[in-house]
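Per-entry structural report
Each chain, letter by letter, is given below.
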Amino acid sequence: SQQGEEDPQALSIQEGENATMNCSYKTSINNLQWYRQNSGRGLVHLILIRSNEREKHSGRLRVTLDTSKKSSSLLITASRAADTASYFCATDARNNNDMRFGAGTRLTVKP
Amino acid sequence: GAGVSQSPSNKVTEKGKDVELRCDPISGHTALYWYRQRLGQGLEFLIYFQGNSAPDKSGLPSDRFSAERTGESVSTLTIQRTQQEDSAVYLCASRYPGADGNTIYFGEGSWLTVV
């Protein structure tokens, strides 16, 4: 079964705008990671946030984590057409080492 | 190798035939995962191997699906008597687990089409 659930399922914005994607999960976690997927092939790691962290930045990416609400958000600032991809959150549960992914948010950035 | 390697990249098979998909993880990565992704859908967990521990097979959708891994090396996912609903990309990933979590590295996937 999937652990994370992203919303929205699809997001379409203009280049230069910010894109915000959300992820909710069900069990206690060690950390949460965001991944990007182009064209239905392999996923690429973007950023990891640990359960004791609330916010993390990496370039144009900003991730927040609210463990009380079991939710995370990914913000991409000043979006570019090249950011067009699917974005997935994945959780590292405390009771095991397997990683479960959500259904993803399909982001389209129009030039 | 430098990354996770999967083969074949693409496979077209007839309904009812068996297929084998191979994954070669990053050297030294003790954890190996298989996921299935249907077109336009999310990743569906299939199976997880961690070192010499018993694998977590809880995601395998039916007894037609099985996977093996020898030690901490290559893994093979086998689908018997394929059905059209098995058409998907099968993604393999590996990582070296740590107490604070580590990045999971994905292969490029094996795209299976059952006709």
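For the structure, check the block above.
A short tour of the structure in this document, coming up.

How each quantity is defined
- Residues numbered from 1 in each chain as written.
- Chains lettered and ligands numbered in written order.
- Predicted model: local features only at pLDDT ≥ 70, side-chain atom pairs only at ≥ 80, totals over all residues.
- Heavy atoms only, no water.
- Disulfide = S-S within 2.5 Å.
- Helix = DSSP H or I, 4+ residues; strand = E, 2+ residues; numbered from the N terminus.
- Buried < 20%, exposed > 50% of the residue type's maximum accessible area, 1.4 Å probe, protein only.
- Contact = heavy atoms within 4.5 Å.
- Pairing = 2+ DSSP bridges.
- Axes fitted to C-alpha atoms, helices over the stretch in contact; angles between N-to-C directions.

For the rest of this paragraph, the subject is the state of the cysteines. The bond known as a disulfide is covalent and runs between the sulfur atoms of two cysteines. All names here are of chain A. Applying the stated criterion across every chain, the model contains two disulfides over all chains. The disulfide partner of Cys 23 is Cys 89, and the S-S distance across this bridge is 2.0 Å. As the torsion about the S-S bond is roughly 65°, the Cys 23-Cys 89 disulfide counts as right-handed. Pair noted here: Cys 23 is in strand β3 (residues 19–24) and Cys 89 is in strand β9 (residues 85–93), with a separation of 66 residues, a long-range link.

Attention shifts here to unusual backbone geometry. Among all residues save glycine, negative phi is the norm, and among peptide bonds the norm is trans. Between Ser 7 of chain B and Pro 8 of chain B the backbone carries a cis peptide bond, its omega angle lying at -10°. With respect to the helices and strands, Pro 8 of chain B occurs in the loop between β1 (5–7) and β2 (10–13). Of note, the phi angle at Ala 78 of chain A is positive, near 45°, even though the residue is not glycine. Within the element layout of this structure, Ala 78 of chain A appears in the loop between β8 (71–76) and β9. Relative accessible area serves as the criterion here: at 39%, Ala 78 of chain A is assigned to the partly exposed category. At Arg 81 of chain B, a position not held by glycine, the phi torsion is positive, near 50°. Structurally, the position occupied by Arg 81 of chain B is in the loop between β7 (75–79) and β8 (88–95).

So, about the environment of Arg 41 of chain A. Along the chain, Arg 41 of chain A turns up in the loop between β4 (29–37) and β5 (43–50). Apart from residues no more than four positions distant in its own chain, Arg 41 of chain A is found in contact with Ser 9, Asn 10, Leu 91, Glu 108, Gly 109 and Trp 111 of chain B.

Residues and elements named next belong to chain B. Taken together, four strands build an open sheet; the order of strands is β1-β3-β7-β6 and the sheet is antiparallel. Each edge of the open sheet carries a strand with a single partner, namely β1 and β6 (65–69). Along the sheet, successive strands turn relative to each other by an average axial angle of 15°, direction set aside. With five bridges connecting them, strand β3 (residues 19–24) and β7 associate as antiparallel partners.

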